[in-house]
Amino acid sequence: MELTATVPSTSGEIQWKQLWSLVALYASVIIGWIAYYNYQPILLDKYNFNDLTLFLFIAQGIIMFVTPPIAGLLGDRFRKTKGNRLPIISAGISAAAMVFMSVAFTLIMDPGETFKWILPILIVFWLASMSIFTSPAISTIDLFAPADKLPRAMAIITIVYGALYALEPVIVDLVDFLGAPLTFVVGGVITAGSGFLMKKNMGKSLDGIVTDVKKEDTKKSDYAYAFIVGLAFGISTTILFNLFPNWLEPKIGHVFDVSSSVIISVVLFLSAVFSLPISRIVEKRPLYISLLVSVVAIFLLIYGIYFVENSYLTMALLLLFAFFYSMVSVCGLPLALSVINDKNKVFGVGIFFAGFELPNGILEAILVAQGLY
């Protein structure tokens, strides 16, 4: 699959068709992760690989931390030598789709003792291929929206992110209904289809221009700043997904007879609902102020949610958490992009995602090692 470059949005308007293509690709990534987290323990148990659980989580953490910057370096190199960043996206999409299909074929053939070792190898390859194209793909968002409208574009991604994870229990039920082989076939088709859609719509926006590198940008990239912004977003996300369920079950779950997964789904749904109104607020003031306010608020709310025992007060704190989490989601990446030189944009996004993934990789490995995951 060969993708063609596009140009930054200079008209002052969001290029909606291209943005929706990117959103569709990102949605396929989320669905892939939901399927992976649902089937990884099942497959490991079925083929007696339970001893590899900790190894796979450590490998996942390392891959998710290291691969985005590497993919970013490759993406920027392609921009300089080939005129666009997109071949690395194409390679990652193709690899992820092929690994999906390979896993499906392997499960259909029901490998015996000799060939069952191919499954953990395929899982590692899938982790790497999914990570390879994610950050370069997301980095194209600045091509489809002017800088002052990036928070609004990110709000669309936040809506899809929040909605899909809010629907995770439904998606998991569907995955269980389809079964492992068919799930991985569908995953491969969705990934390849969303990649084709992105290629098609981006190609139509070109009008003969072959480069997306802004040569006039001479500012020095602040990678540490981009990493810290990603780290702040990653810590809040990691706590939301990995710690909140156990914290909230005795405070809200038992009282109102709902599972912790439903509570998290509601928080994510609310963050999706808040995202568009918040993006309009964020666009009217400096991004660093919005991020600073939201990050400070989030950590104070996390402290309150952990220590407060009253169920209704906890629910109020969760509502505020959803609001400020949405704000971080909307302004985090645009702020990181704003401190990176355009010639190193994809690498900068990779650094942002490395910071985002680091807390999750560390915490999940610790929880698995302690038998709590």
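Residues numbered from 1 in each chain as written. Predicted model: local features only at pLDDT ≥ 70, side-chain atom pairs only at ≥ 80, totals over all residues. Heavy atoms only, no water.

J.: So what exactly am I meant to see when it comes to the overall build of the chain here?
T.: Along the backbone of the chain there are 14 helices and zero strands. Buried positions account for 57% of the 373 residues belonging to the chain. When contacts within the chain are restricted to residue pairs at least 6 apart in sequence, those whose partners lie at least 24 apart make up 87%. Summed over all atoms, the accessible surface of the chain reaches about 16,400 Å², with 70% contributed by carbon and sulfur. (Helix = DSSP H or I, 4+ residues; strand = E, 2+ residues; numbered from the N terminus. Buried < 20%, exposed > 50% of the residue type's maximum accessible area, 1.4 Å probe, protein only. Contact = heavy atoms within 4.5 Å. Areas by Shrake-Rupley, 256 points an atom, 1.4 Å probe, with all protein chains shown as cover.)

J.: How do you make sense of the pattern of salt bridges when you look at a structure like this?
T.: A side chain with one charge can pair with a side chain of the opposite charge if their charged atoms come near. The tally for this structure, following the rule as stated, stands at two salt bridges. A salt bridge links R152 to E283; the nearest nitrogen and oxygen atoms lie 2.7 Å apart. Of the two residues, R152 sits in helix α6 (residues 150-166) while E283 sits in the loop between α11 (260-282) and α12 (287-307), which places them 131 residues apart along the sequence. On the basis of relative accessible area, R152 is assigned to the buried category, the value being 19%. (Salt bridge = Lys/Arg side-chain N within 4 Å of Asp/Glu carboxyl O.)

J.: Looking at this model, I keep getting lost on the packing of helix α10 (residues 244-256) against α12. Mind explaining?
T.: Any two packed helices are characterised by the angle at which their axes cross and by the distance between the axes. Two numbers describe how α10 lies on α12: the axes approach to 9 Å, and their chain directions differ by 45°. Judged on the interaxial angle alone, α12 and α10 are oblique. Facing F244, W247, L248 and K251 of α10, the residues of α12 in contact are I302, I305, Y306 and F307. Partitioning the contact of α10 with α12 into residue classes produces seven nonpolar, no polar and one charged. (Axes fitted to C-alpha atoms, helices over the stretch in contact; angles between N-to-C directions. Parallel < 35°, antiparallel > 145°, perpendicular 65-115°, else oblique. Nonpolar A, V, L, I, M, F, W, Y, C, P; charged D, E, K, R; others polar.)

J.: Quick question: what am I supposed to make of unusual backbone geometry here?
T.: Backbone geometry follows two general trends: most residues other than glycine have a negative phi, and most peptide bonds adopt the trans configuration. We note that N48 has phi near 55°; this positive angle belongs to a residue other than glycine. Tracing the backbone through its elements, the reader meets N48 in the loop between α1 (16-46) and α2 (53-82).

J.: Can you walk me through empty space enclosed by the protein in this structure?
T.: A probe matching the size of a water molecule, rolled over the atoms, marks out where space remains unfilled. On inspection of all chains with the given rule, the structure shows four cavities of 30 Å³ or more. Taken as a whole, the largest cavity encloses approximately 200 Å³ of empty space. For the lining of the largest cavity, the elements supplying multiple residues, two or more each, are α6, α13 (311-338) and α14 (345-369). Examining the composition of the lining of the largest cavity, we find that four residues originate from one element, α6, more than from any other. For the lining of the largest cavity, the residue count by class is 10 nonpolar, two polar and no charged. Of the pockets and cavities examined, the second largest cavity occupies roughly 80 Å³. Forming the boundary of the second largest cavity are Y36, Y39, Q40, L43, V103, I123, W126 and F184. Sorting the residues of the lining of the second largest cavity by element identifies α1 and α4 (118-139) as the ones contributing at least two each. Broken down by element, the residue count for the lining of the second largest cavity peaks at four residues, all from α1. (1 Å grid on protein atoms, 1.4 Å probe; cavity = no way out; pocket = protein on both sides within 12 Å on 5 of 7 lines; lining within 4 Å. Points joined across faces, edges and corners; volume = space filled by probe spheres on them.)

J.: Honestly, the nonpolar core in this entry has me stumped. Any pointers?
T.: Among soluble globular proteins, nonpolar side chains are generally buried collectively. With 104 residues, the main nonpolar core has I141, F244 and F321 as its most contacted residues. Top element by residues in this core is α1. It accounts for 14 residues. Apart from the residues within four sequence positions on either side, F244 is in contact with I239, I264, I302, I305, L318 and F321. (Core = buried A, V, L, I, M, F, W, Y, C linked by side-chain atoms within 4.5 Å.)

J.: Could you clarify how one ought to interpret a nonpolar patch on the surface in this entry?
T.: A cluster of nonpolar residues, L54, I58, I62, F65, V66, I70 and L74, forms a patch on the protein surface that exposes about 540 Å² of accessible area. Within the element layout of this structure, I58 appears in helix α2. (Patch = residues over 30% accessible without salt bridge, like charges linked within 9 Å, V, L, I, M, F, W, Y side chains within 5 Å.)

J.: When you look at α10 in this model, what are you seeing that I'm missing?
T.: Taken as a whole, α10 carries its principal kink of about 50° at P250. Along α10, the residues classified as buried are F244, P245, W247, L248, K251, I252 and G253. Looking at the buried side of α10, the elements it contacts are α9 (223-242), α11, α12 and α13. Where α10 terminates, the next one or two residues include D257, which has phi positive at roughly 55°. (Bend = angle between axes of the 7 residues up to and from the residue.)

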